[in-house]
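Secondary and tertiary structure notes
Spelled out, the chains give:
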Amino acid sequence: MDYQITHVTTYESSEPVTVCHNQAWLTPRNCPSQTCRSHQIIITPEPSTFHQRQDAFGNTLTHFSFNEGYETLEVKALSDVSISARTAPAPIESPPWEE
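Here the structure is a predicted model, which is why all the values come from computation and not from measurement. (Residues numbered from 1 in each chain as written. Predicted model: local features only at pLDDT ≥ 70, side-chain atom pairs only at ≥ 80, totals over all residues. Heavy atoms only, no water.)

1. Looking at the sheet that holds strand β6 (residues 70-83)
Defined as follows: One requirement defines pairing of two strands: DSSP has to find at least two bridges between them. Comment: elements are numbered from the N terminus, with helices defined as DSSP H or I runs of at least four residues and strands as E runs of at least two. Axis definition: a line fitted to C-alpha atoms, limited for helices to the stretch in contact. Angles are taken between N-to-C directions and run from 0 to 180 degrees.
Pairing is antiparallel across the open sheet formed by 3 strands, whose spatial order is β1-β6-β3. The outermost strands of the open sheet, each flanked by one partner alone, are β1 (2-17) and β3 (34-44). Averaged over all pairs of adjacent strands, the angle between strand axes in this sheet comes to 10°, irrespective of strand direction. Bridge count for β3 against β6 is 10 bridges, and the pairing is antiparallel. Directly across from Gln34, in β6, lies its bridge partner Ile83.

Right under this line is the structure:
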C-alpha cells in the first residue's frame, strides 16, 4: 500500500519570537516493510539555519533555527511511503508476554 502523509504543526505567539532553536523527527524510516519514497519539510518563515543528521537510533533529526522574529511558525512534512505486507513471526520465535 502507498500512503501520502501530510503533517502540519503551527505555532502562534502573541508577541514576536526573537530567537528560536528547534528539533523535529518527521522523516519516515526505511525498514524491511516500509520504504520512504520521498520526503520534504517546508518551514515558514524560512529558517536562518537548517540541517539534518542521524540520531543515535538511526532516525533523521532535523534541526532549524531562527535569528529574526516571527509570530507564526508552520512546519509541514510531506512524505510518500510504501508499506509491504509483514509476515507474523513463528510462535517459537516470539517469546511469551510473561518473559
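2. With respect to unusual backbone geometry
The omega angle of the peptide bond from Thr44 to Pro45 is 0°, so this bond is cis rather than trans. Looking at the secondary structure, you find Pro45 in the loop between β3 and β4 (49-54).

3. A few points about the pattern of salt bridges
We apply this condition: Salt bridge, as used here, is a side-chain nitrogen of Lys or Arg placed within 4 Å of a carboxyl oxygen of Asp or Glu. Here the term buried applies to any residue with accessible area under 20% of the maximum for its type, exposed to any over 50%, and partly exposed to those in between, with areas from a 1.4 Å probe on protein chains only.
This structure, assessed with the given rule, holds 2 salt bridges. Asp2 is the salt-bridge partner of Arg37, the closest N and O atoms lying 3.5 Å from each other. Of the two residues, Arg37 sits in strand β3 while Asp2 sits in strand β1, which places them 35 residues apart along the sequence. Take Arg37: its relative accessible area is 47%, and that puts it in the partly exposed class. Since its relative accessible area comes to 49%, Asp2 is described here as partly exposed. Note that Arg37 and Asp80 form a salt bridge whose closest N and O atoms lie 3.2 Å from each other. Of the two residues, Arg37 sits in strand β3 while Asp80 sits in strand β6, which places them 43 residues apart along the sequence. Shared partners join several salt bridges into a network, and the residues in it are Asp2, Arg37 and Asp80.

As far as function goes, none of this settles anything; it's purely spatial.
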